[in-house]
Each structure stands twice: as C-alpha cells, then as structure tokens.
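# An overview of the molecular structure
The primary structure of each chain is shown beneath.
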Amino acid sequence: MAGRIITIAQQKGGSGKTTLAAHLAVAFVLAGGGRVALLDCDPQGSLGEWFEARETSLGEDATGLDFRTASGWGARREARSLARDYDLVVIDTPPKSDIESRPAIEAASLVAVPVQPTPIDLWATAPTLEMIAKEGTASLIVINRAVSRVGLTEEMSAAIRALGHPAAQTRLGSRVGFAASMGAGRTIQETDPGSKGALEIAALAAEIRQALGG
Ligand SMILES: Nc1ncnc2c1ncn2[C@@H]1O[C@H](COP(=O)(O)OP(=O)(O)OP(=O)(O)O)[C@@H](O)[C@H]1O
Ligand SMILES: [Mg+2]
C-alpha cells in the first residue's frame, strides 16, 4: 500500500505550519510510524533550514527522516513519488498562495490546518477550509498556540470546533519549547521529553494516525 500524505496548509501566515510539519514528522518516527519523509513546498525554505540544522546536530545519517523540496505542480508528483517509498509524507506549504498549496492539498490523504485561537486567525482560515472542501480532501483543524485558562482561547476554540470541519481533540499550547527546539533541528519531544508540549504533539500524532485509519 502506498504511504499516507499529510499536508499542512493554512493561508494565514505564521499559524504554525512549519513548526507542526517538523514536530509531526519526528513524532511519527518516535511512535514507530515507519519511514517518514518531509516535503517542503515553501520557497521561504524554513523547514529546509531546520532539516540542515538537524543534519548538523545529529549527523546526516541520523536524522531519522528524509527531506525533499518541490514547487507548484511539482509538489503533487513529488508527494506521490515519495509515498511509494515512505510510509508517511509530511508536506509543508507556503502562506498566502493557493496556487502553490492546491497541488499539495490534492495529493493529501489528510490536510492538517493549524489555527491560532484568535478572531483574526479564525476569519483568515475560511479560504483554506473552502479550498480543502472543494478538493474533497479529508481535513483536521489543529488549534495551535492555545493559552490555557484564557477566555479568548476557550471562546475561539469553541468557535473553531463549531465551523463544521473536523477539529483535533488535542490542542497545542503556546510553549517556548515548540519554538526553541527548532533552532537546533530538534523538536520539543527531543529537547524536553515528558513536557506538556511533548505529550501534546505525541497525542496529536496519534490522533492523526487514527484519522488516517491506524
Ligand atoms: N505552539 C507554539 N508555541 C510557541 N510558539 C509557536 C508555536 N507554534 C508556532 N510557534 C512560533 O510561531 C512562529 C510561526 O510559526 P511557523 O513558522 O511554524 O508558522 P508558519 O505557518 O509556518 O509561518 P509561514 O506562514 O510564514 O510559513 C514561529 O516563531 C514559531 O516558532
Ligand atoms: Mg512556514
């Protein structure tokens, strides 16, 4: 069976796509999810920077992942080709451009949509959800940078869950470790195992595996 393709998409910039792509890829590897490849479709190249930092800190043969880049329509072809060799392919996409992200959404088994729980982020998510619905791809909204015990987070989380699109049970908190771990090419599960953030990303990865059918 071909591998599963998980595309991280959200037209709103800075919603956590790249952070989520790196963290999910490592979480799948740590959970014994098989061979995992990352595909960066964002010309900003942040995920590539992260992967290079990972190669520097762990050694080229010890990253536990493979990394490729693609752009435009090439993304669909590259994703399908990777899915022949890997169990999971995680795709990072750029903000703003639906032309750039549509091929990655088309190729996906599941699209994960990170959304920060604020009114502006919620409004800005509509075009992404519309595009996913139009392609008919399965999707999962992921609430990112949630701040616990804050009224706005709870109010917006409820509004996000009420959008009529599936949303993950697990929310990712706003935690320095998600940001800081990336600098050394690592993730919070590696730099701070057992932390709340590490448990959150492991739980989210498990939820996504379940949504993909185990
Ligand atoms: N859960 C989190 N807790 C703390 N910081 C976070 C979290 N998620 C993302 N960040 C930080 O938010 C910023 C934006 O994250 P990231 O670059 O992953 O978003 P993006 O959607 O890929 O952005 P772009 O649209 O520019 O590609 C980064 O500084 C990142 O470290
Ligand atoms: Mg990014």
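Further up the page is the structure itself.
Residues numbered from 1 in each chain as written. Chains lettered and ligands numbered in written order. Predicted model: local features only at pLDDT ≥ 70, side-chain atom pairs only at ≥ 80, totals over all residues. Heavy atoms only, no water.

Moving on, we come to the overall build of the protein chain. Counting its regular elements, the protein chain contains nine helices and six strands. The globule rule puts the C-alpha radius of gyration for 214 residues at 17 Å, and the 16 Å found for the protein chain is close to it. Across its three principal axes, the protein chain shows a C-alpha extent of roughly 45 × 40 × 35 Å. Going through the 214 residues of the protein chain one by one, you find that 50% of them count as buried. In the protein chain, the proportion of contacts linking residues at least 24 apart, taken out of those at least 6 apart, comes to 78%. For the protein chain, the accessible surface area stands at approximately 9600 Å², while carbon and sulfur atoms represent 50% of it. (Helix = DSSP H or I, 4+ residues; strand = E, 2+ residues; numbered from the N terminus. Rg over C-alpha atoms; globule rule 2.2 N^0.38 Å. Buried < 20%, exposed > 50% of the residue type's maximum accessible area, 1.4 Å probe, protein only. Contact = heavy atoms within 4.5 Å. Areas by Shrake-Rupley, 256 points an atom, 1.4 Å probe, with all protein chains shown as cover.)

So, about the layout of surface pockets. Here the largest pocket is characterised by a volume of approximately 250 Å³. Forming the walls of the largest pocket are 17 residues, and the residues nearest its centre are T19, N144, R145, F178 and A179. Elements with a minimum of two residues in the lining of the largest pocket: α1 (17–30) and α7 (176–180). For the lining of the largest pocket, the residue count by class is seven nonpolar, eight polar and two charged. (1 Å grid on protein atoms, 1.4 Å probe; cavity = no way out; pocket = protein on both sides within 12 Å on 5 of 7 lines; lining within 4 Å. Points joined across faces, edges and corners; volume = space filled by probe spheres on them. Nonpolar A, V, L, I, M, F, W, Y, C, P; charged D, E, K, R; others polar.)

Counting across every chain of the model gives eight salt bridges. Linking R102 and E135 is a salt bridge whose minimum nitrogen-to-oxygen distance equals 3.4 Å. Linking R102 in helix α4 (residues 98–107) with E135 in helix α5 (residues 119–135), this pair joins segments that are 33 residues apart in sequence. What makes E135 partly exposed here is its relative accessible area of 29%. Across the pair R186 and E190 runs a salt bridge, and its minimum N-O distance is 3.3 Å. Taking relative accessible area as the criterion, E190 reaches 21% and is therefore assigned partly exposed. Counted as one network, the salt bridges with shared partners bring together R54, R186 and E190. (Salt bridge = Lys/Arg side-chain N within 4 Å of Asp/Glu carboxyl O.)

The subject of this paragraph is the packing of aromatic side chains. Tallied over the entire structure, the rule returns one aromatic pair. Over the ring of Y86 we find R35; its NZ or CZ atom is 4.5 Å from the centre of that ring. (Phe/Tyr/Trp six-rings, centres within 6.5 Å; stacked < 30°, edge-to-face > 60°. Lys NZ or Arg CZ within 6 Å of the ring centre and 35° of its normal.)

It is worth spelling out the site of ligand 1 at this point. Around ligand 1 sit 17 residues in total, of which K17, T18, T19, N144 and G173 are the nearest. Residue S15 places a main-chain N or O atom 3.0 Å away from an oxygen atom belonging to ligand 1. With respect to ligand 1, the backbone of R175 contributes an N or O atom lying 3.0 Å from a nitrogen atom. When ligand 1 is considered free in solution it has 630 Å² of accessible area, and contact with the protein chains removes 79% of it. Among the elements of the structure, α1 and α7 are those that each provide at least two residues to the shell around ligand 1. Among the elements that take part in the shell around ligand 1, α1 stands out by supplying three residues, more than any other. Of the residues that constitute the shell around ligand 1, the class distribution is three nonpolar, 10 polar and four charged. (Near = heavy atom within 4 Å. Polar contact = N/O pair within 3.5 Å; in protein donor to acceptor, adjacent residues only side chain to side chain.)

Compared with the 18 Å implied by 1.5 Å per residue over 13 residues, the 18 Å span of helix α2 (residues 46–58) between its first and last C-alpha is a close match. Along α2, the positions that sit buried rather than exposed are L47, G48, W50, F51, A53 and R54. Elements in contact with the buried residues of α2: α1, β2 (36–40), β3 (66–69), β4 (88–92) and α8 (188–191). Phi turns positive, to about 95°, at G59, one or two residues after α2. (Expected span 1.5 Å × (residues − 1).)

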